[in-house]
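# Coordinates in review
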Amino acid sequence: MKMIVADLEGVFLPEIWISVAEKTGIEELKLTTRDISDYNVLMTKRLGILKEHNLKISDIQNVVSTLDPLDGAVEMMNWIRETSQIIILSDTFEEFVKPLMKKLSFPALFCHNLTIDDQGNINDYNLRIDDQKKKAVNALKGLNYEVIGFGDSYNDIGMIQAADHGFFFKPPESVVTDYPQIPVTRSYDELKSMLETLLK
């Protein structure tokens, strides 16, 4: 049996932090795992910026509520779910993405959560487990699944390398340069063709 695992932001959804940065005008919030490969460093920086600018969970949720899946993402997700099974492995947070998951018809999502106080301040982030994407792939393989994995950034490398068949989807050139051995797809048409081949 085969199981598909995939990243969320940059693959099916726009990058939430970039959208918040554009809405608030805080340029530093545009940094993602494409720019800073160490997720803990990135999140510590983000929480510091939120505190400095007094941004609360409601401010981020207000931005998220205006977002839609990437062009073609809904159709791609529907095709995958009709053809196979998919689990989204993301380093996002439940509190951010719930409205957007509805727009993708609620695929299975493994992600993290936040510590939020009564005033709506985001005080901390809680990783469900370290290196969760890679560990999820290995767990699925332990259940005798043949795993196909794809994502767009540095935090997807462990997942992609652990999968039986791993590749990039629309990665930045810096990621391609650092990992030239990993195959690349650059559009939903290419993604569909790759999956059709791997699912045979």
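Because the structure is a prediction, the values reported are computed rather than measured. (Residues numbered from 1 in each chain as written. Predicted model: local features only at pLDDT ≥ 70, side-chain atom pairs only at ≥ 80, totals over all residues. Heavy atoms only, no water.)

## Brief notes about the overall build of the protein
Secondary structure assignment for the protein yields nine helices and seven strands. The globule rule puts the C-alpha radius of gyration for 200 residues at 16 Å, and the 17 Å found for the protein is close to it. For the protein, the C-alpha atoms occupy an extent of roughly 50 × 30 × 30 Å along the three principal directions. In the structure as shown, the protein presents an accessible area of about 9,600 Å², 48% of it carried by carbon and sulfur atoms. Of the charged side chains in the protein, 21 are positive and 31 negative, and the gap between their average positions amounts to 3 Å. (Helix = DSSP H or I, 4+ residues; strand = E, 2+ residues; numbered from the N terminus. Rg over C-alpha atoms; globule rule 2.2 N^0.38 Å. Areas by Shrake-Rupley, 256 points an atom, 1.4 Å probe, with all protein chains shown as cover. Lys, Arg positive; Asp, Glu negative; His and termini not counted. Charge placed at Lys NZ, Arg CZ, Asp CG, Glu CD.)

## Examining the pairing of strand 6 (residues 165–169)
Where burial is concerned, most of strand 6 is hidden: four out of the five residues are buried. In terms of strand pairing, strand 5 (residues 146–151) meets strand 6 through four bridges, oriented parallel. Each bridged residue has a counterpart across the sheet, and for Ile148 the counterpart in strand 6 is His165. Taken together, the two bridges between strand 6 and strand 7 (residues 184–185) define a ladder with parallel strand orientation. Across the sheet, Phe168 pairs through a bridge with Val184, a residue of strand 7. Crossover handedness for the path strand 6 to helix 8 (residues 173–178) to strand 7: right-handed. (Buried < 20%, exposed > 50% of the residue type's maximum accessible area, 1.4 Å probe, protein only. Pairing = 2+ DSSP bridges. Right-handed = clockwise from strand over helix to strand, strands pointing away.)

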